[in-house]
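# Descriptive analysis of the structure
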Amino acid sequence: MRKLILAVMLSVLLLGFGTSYAGTASIENVPGGAGIAYFQVGQGWQTLFNVQNVADNSTVGCSAAILVHVVLYDKFSAEIVNFNVPLSQNDNWGASMTLAGNVITVTPQACPAALPNSPGMTDAGCAPHSGIITVDSDGIAFGYITAAITEMDCGLATPQIFTTTNFALGNNDGNPWNDTNMTGLDVVSPNWIFMRTAIVNPGFGFGFAMNGRMIQHFLNIGAIAELAGVDWVDTLPVPDNTICPWVDWNNNLLGDILAFNGTDDFNGIRIDTWELYATLILDTDPAAGVTTAGTIIVDNCNLTASRAGRHSILGSANNWYWARFNETPGITETTLITVAPAATGPGNVGANPMLLNGSVFDDNEAYASVTITPLEAARCPFVWVPAEFTTACAVPAAGITHSTFTTGEFNFFFRNPMYGFSYTATANFADLYPIVNEEVAVVLTNIQPQGGFPMLVMTDLPFPLDVQILFPLVSDVGRIGAWH
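Residues numbered from 1 in each chain as written. Predicted model: local features only at pLDDT ≥ 70, side-chain atom pairs only at ≥ 80, totals over all residues. Heavy atoms only, no water.

Next up on the list: the sheet that holds strand β6 (residues 103–109). Strand order in the open sheet made by the six strands is β7-β6-β5-β2-β10-β11, with antiparallel pairing throughout. Looking along the sheet, the strands with just one partner apiece sit at the ends: β7 (129–132) and β11 (206–211). Adjacent strand axes in the sheet meet at a mean angle of 20°, parallel and antiparallel pairs treated alike. When strand β10 (residues 193–201) meets β11, the two strands line up antiparallel, connected through six bridges. Opposite Ala198, over in β11, you have Ala209 as the bridge partner. (Pairing = 2+ DSSP bridges. Helix = DSSP H or I, 4+ residues; strand = E, 2+ residues; numbered from the N terminus. Axes fitted to C-alpha atoms, helices over the stretch in contact; angles between N-to-C directions.)

In structure tokens:
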């Protein structure tokens, strides 16, 4: 029976459908222009992965075909393999990820020979892709996947997004392969895709599935500098609402870097460090003569070179998280998965120290302190004895010690943009708990009508935004709201 349930779950993942719907936010279970997901393979584990195009030709008013750039990274943020996936309107592409030795292979599933709705197009992204990956001592390899729209076939300048995209207009022929690739350019993606993964172990007959974390109004920034310009905008009230003089991305207390080049390659757009922070993507006051479109929102920047003043879009806005665990010796085992994409690795800068600390609480509020140093992708077990420690979690080897607690919550603080979950496994089932973000940052300027903002913006809850800003006549700066 359990194998039948597993088979049904896999078919839904690979053949399923969706509904429509850095950027301005990374709200759970909402489509975006780019996204991140976790994978795990080896020792019977495999990962099923799919990307859905939620746009429809009739709704958009032009061809909704897109090309999506997919990249697999290992736990150190080193690239394993990258490739492009074409998607027509409402199209879904799915693949399985398996491990043989130290080779991971991505094999498309139920893939048609021709791209739907594209006359004469034969390349539907059906070829398998393989690469070398580091395998841990327990035989498991893991990392993360990024996906980003890199070409659009639509010929309209404003296809169903809040801001004018500067993607090159497509030719509306239904074929996303022959449109302009926006790799390396400053462009805003429409919120047309979402990702799903299922991590399964057919031998044991169990698995768990989840949606990827999408970034709404994803802004690709080809390169960024520390020095003055319009790369940074301050959202705090007068007298601190000026363009920032510089931001210390490499943490040397100097504004000495003229250009950090992004990691976009010939195939397409990738997610870089700075693209995980809140960005203003709509210039609502072009008459002011200075555009702030495409700037990263940083607070307190004219008081000191700012790093902590940046607002993370991916993960919790205040850097605090909650993760559930159930660790009963001989019965259940819980593992915490954290992914901090682009925190290090080639071409990426600006990461905060990879330090995660907090307290493990049992259900009676007793607590134990925890400090670990996770990798960019980390698989951290809740451990009882040192023999259970694993390098999969951290360097040096560590795990999450939790006194004698068998169930409870791990409340932790982590500065880098992050997403994750915890999963509990027994001999015959596995279950997943999403990590709870204490706050979610949303850039309001991009989702408000253009023009001045003479009033404070309030949420639909009985309390105001964490940052209240009065803009008498000018809306040429960004604003951050945090919901919690």
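Burial along strand β19 (residues 320–326) is one-sided: the residues Tyr321, Ala323 and Phe325 are buried and none of Trp320, Trp322, Arg324 and Asn326 is. Bridge count between β19 and strand β25 (residues 407–413): seven bridges; the pairing is antiparallel. Following the sheet pairing, Trp322 is matched in β25 by Asn411. In this structure, β19 lies alongside strand β28 (residues 436–437), joined through two bridges in antiparallel fashion. (Buried < 20%, exposed > 50% of the residue type's maximum accessible area, 1.4 Å probe, protein only.)

Before going further, it helps to spend a moment on the pattern of salt bridges. In total, this model carries eight salt bridges according to the counting rule given. Residue Asp265 pairs with Arg270 through a salt bridge whose shortest N-O separation is 2.6 Å. Residue class for Arg270 comes out buried when judged on its relative accessible area of 5%. The salt bridge partner of Asp363 is Arg324, with a shortest N-O separation of 3.0 Å. Of this pair, Asp363 sits in the loop between β21 (356–362) and β22 (367–372) while Arg324 sits in strand β19; the two residues are 39 residues apart in sequence, bridging distant segments of the chain. (Salt bridge = Lys/Arg side-chain N within 4 Å of Asp/Glu carboxyl O.)

Strand order in the open sheet formed by five strands is β22-β21-β25-β19-β28, with antiparallel pairing between adjacent strands. Pairing within the sheet leaves two strands with one partner each, and these edge strands are β22 and β28. One ladder, built from six bridges, connects β21 with β25; its direction is antiparallel. Across the sheet, residue Gly358 finds its bridge partner in β25, namely Phe412.

Below, the discussion takes up the nonpolar core. Counting residues in each nonpolar core, the largest one holds 73 residues, and the members touching the most others are Val70, Leu72, Met97, Ile145, Trp192, Phe208 and Phe421. Element by element, the count of residues in this core is highest for strand β8 (residues 141–152), at eight residues. Among the nonpolar cores identified, the runner-up in size contains 22 residues, and Ala343, Phe414, Met418 and Ile435 belong to it. (Core = buried A, V, L, I, M, F, W, Y, C linked by side-chain atoms within 4.5 Å.)

Here, disulfide denotes a covalent bond that connects the sulfur atoms of two cysteines. Following the criterion strictly, the structure yields two disulfides and no others. In this model, Cys62 is linked to Cys154 through a disulfide, with the two sulfur atoms separated by 1.9 Å. The S-S bond linking Cys62 to Cys154 shows a torsion near -95°; that makes this disulfide left-handed. In this pair, Cys62 is assigned in the loop between α2 (57–60) and β3 (66–74) and Cys154 in the loop between β8 and β9 (187–188), connecting sequence segments 92 residues apart. The pair formed by Cys62 and Cys154 is uniform in burial state, with each residue classed as buried. Across the disulfide from Cys111 sits Cys126; the S-S distance is 2.1 Å. (Disulfide = S-S within 2.5 Å.)

So, to be careful, I would describe these as geometric facts and stop short of saying anything about function.
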